[in-house]
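Architecture at a glance
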Amino acid sequence: HVGKIKAALGDDVSIRVDVNQAWSESQATYGMAALQEAGIDLVEQPTPAKDFASLVRLSKKFNIGILADESIADSTDTLLLAQQGFTGSVALKIGKAGGLFGALDVAAVCNAAGIGLYGGTLLEGTVGTTAALHAWSTLPVIEFGTEMFGPLLQCDDIVKSPLNYHNFGVEVPTTAGLGLEIDEDKLRQYTRKAK
Ligand SMILES: [Mg+2]
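Since this is a predicted model, take the numbers as computed values, not measurements.

What counts and how
Residues numbered from 1 in each chain as written. Predicted model: local features only at pLDDT ≥ 70, side-chain atom pairs only at ≥ 80, totals over all residues. Heavy atoms only, no water. Helix = DSSP H or I, 4+ residues; strand = E, 2+ residues; numbered from the N terminus. Expected span 1.5 Å × (residues − 1). Buried < 20%, exposed > 50% of the residue type's maximum accessible area, 1.4 Å probe, protein only. Arc of directions from axis to C-beta. Contact = heavy atoms within 4.5 Å. Donors = N, O, S within 2.8 Å, 3.2 Å for Na, K, Ca; no water.

**Here we look at helix H2 (residues 25-37)**
For H2, spanning 13 residues, the distance from its first C-alpha to its last is 18 Å, which sits close to the expected 18 Å at 1.5 Å a residue. Of all the positions in H2, only Ala28, Gly31, Met32 and Leu35 are classed as buried. Within H2, the buried residues cover an arc of 100° as seen down the axis, which keeps them to one side. Of the exposed residues in H2, those oriented more than 90 degrees away from the buried face are Ser26, Tyr30 and Glu37. Residues of H2 that are buried sit in contact with helix H1 (2-9), strand E1 (16-18), strand E2 (42-44), helix H3 (52-61) and strand E3 (65-68). Of the residues flanking the end of H2, it is Gly39, one or two places downstream, whose phi is positive at about 90°.

**So, the coordination of the magnesium ion**
At this site the magnesium ion is bound by Asp18 (OD), Glu44 (OE) and Asp69 (OD), with donor distances of 2.1 to 2.3 Å. Each donor residue of the magnesium ion lies on one chain, and together they are spaced D-x25-E-x24-D. With Asp18 in strand E1 and Glu44 in strand E2, the pair connects residues that are 26 residues apart, well separated along the chain. Take Asp18: its relative accessible area is 35%, and that puts it in the partly exposed class.

Have a look at this one:
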């Protein structure tokens with residue numbers, strides 16, 4: 001299925017898949033070989049989060065990129081995976097790492113270990129997405145780009161001016177703080193009151 005999508009879209013389009021831990025190592029070996037053959041660029045978290053050993057072996061077995069997501073929350077996880085010889089990339093998420101500094105700590109360990117980066121999201125709204133954008137914008141290189149599209153899935157917002165998405169990118173706000181102004185009326189409208 002993915003191979004047919006790739007064939008239809010051609011070489012100019014990067015196709016990545018997120019397996020979300022669904023495969024055993026043997027299934028991943030079979031699946032990643034097929035995905036590599038089809039020209040897919042990246043396979044995210046093919047095997048279970050705690051199975052670092054399979055992730056390391058798979059990262060060495062294939063040329064196709066492999067991305068650790070659920071395996072990596074903070075810099076301690078990152079160091080353990082790096083020490084085992086992982087050669088892929090890591091999905092940064094501020095929610096997994098406990099905030100901006102935690103996520104940047106993960107990035108620092110990756111940089112030291114030669115592990116690539118991806119700017120991930122837990123589909124935060126505009127506030128969380130903007131916070132992550134500020135953190136990612138301080139990183140010199142993010143090998144596999146970012147996926148900061150959470151606000152685009154919302155039909156309304158609690159900020160006065162939405163983020164400016166265009167040309168498959170998004171502008172990092174430049175005013176003070178996060179660069180956002182909360183719409184207090186909308187915030188009140190969407191506040192859930194305890195019963
Ligand atoms: Mg994922």
